[in-house]
Amino acid sequence: MKARRFFRSFQFAAQGIGTALKREQNIRFHFLAAIVVVFTGILTGLSYMEWLVVILLIGGMIALEMINSAIERVVDLATVELHPLAKQSKDMAAGAVLVFASASAIIGLLIFLPKWL
Ligand SMILES: Nc1ncnc2c1ncn2[C@@H]1O[C@H](COP(=O)(O)OP(=O)(O)OP(=O)(O)O)[C@@H](O)[C@H]1O
């Protein structure tokens, strides 16, 4: 019974990923970018620790982008009218994505650049 419940939750989560991929261009872009980064990592040759960091950043970026999309949907569901709190909520969520993306880009450069130069 518990295993069935767990499987159902897993199915819903997979549906969420499918919906995000279908409906959100940003998330498709992040998946594509992740594939490019993994191939570049294989060609460049990363250490065990560097792979751990890269995988963490890729997973974190996609997960955060999905949370951002989820927040946008909840806000749109809560109000169709313009509201300062709706704007703050959407903009903060977008800001969180920007913060993580900037940190990921800097870490990516710190990992890859020394190997290429
Ligand atoms: N209900 C609302 N009330 C006030 N401001 C809003 C509301 N909905 C969106 N905004 C603001 O308007 C701007 C543009 O929002 P818009 O809806 O175009 O994009 P988004 O919903 O943030 O993202 P996406 O384009 O990916 O759907 C953002 O600053 C957002 O915070």
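The shown structure was predicted, so the numbers you read here are calculated from the model rather than taken from an experiment.

A.B. asks: How should I be thinking about the UniProt feature "binding site: substrate" (unreviewed entry) in the protein chain in this particular structure?
C.D. replies: Per the UniProt record, "binding site: substrate" (unreviewed entry) is found at R5 and E65. The annotated residues occupy 61 residues of the chain and do not converge on a single region, their most distant C-alpha atoms lying 26.6 Å apart. When you line up the elements, R5 lands in helix α1 (residues 2–23). Owing to 9 C-beta atoms within 10 Å, R5 belongs among the exposed residues under this scheme. Structurally, the position occupied by E65 is in helix α3 (residues 48–78). Judged by local crowding, E65 falls into the buried class, with 23 C-beta atoms found within 10 Å. Those residues within four positions of E65 in sequence are excluded, and the remaining contacts are N26, I27, H30 and V97.

A.B. asks: In this structure, what is going on with helix α4 (residues 84–116)? I would like to understand it.
C.D. replies: The periodicity of an α-helix, 3.6 residues per turn, causes residues three or four positions apart to be oriented the same way. Taking 1.5 Å per residue as the helical rise, α4 with its 33 residues ought to reach 48 Å, and the 46 Å between its terminal C-alpha atoms agrees with that figure. Considering bend angle alone, the principal kink of α4 is centred on L110 and spans about 25°; proline P114 follows within four residues of it. Among the 33 residues in α4, 3 count as buried, and that is only a small part of the element. Among the residues making up α4, those that are buried are A93, S104 and I111. The elements touched by buried residues of α4 are α3.

Definitions and cut-offs
Here the residue numbers are simple positions, counted from 1 along each chain's written sequence. Selection of residues for local features in this predicted model requires a pLDDT of at least 70, selection of side-chain atom pairs for listing and counting requires 80 or more, and totals for whole chains, interfaces and linings are taken over all residues. UniProt positions are given in the numbering used here, feature names are shortened, and annotations may be inferred rather than shown by experiment. For helices the rule is a DSSP run of H or I covering at least 4 residues; for strands it is a run of E covering at least 2, with both sets numbered from the N terminus onward. Neighbour counting defines burial: a residue surrounded by 20 or more other C-beta atoms within 10 Å of its own C-beta is buried, one with 12 or fewer is exposed, and intermediate counts give partly exposed, using backbone-placed C-beta atoms. Each residue gets a C-beta atom placed from its backbone, and two residues are in contact if those atoms lie within 7 Å. Given a helix with a known number of residues, its expected span is that number minus one, times 1.5 Å. Given a residue, its bend is the angle between the two axes fitted to the seven residues that end at it and to the seven that start from it.

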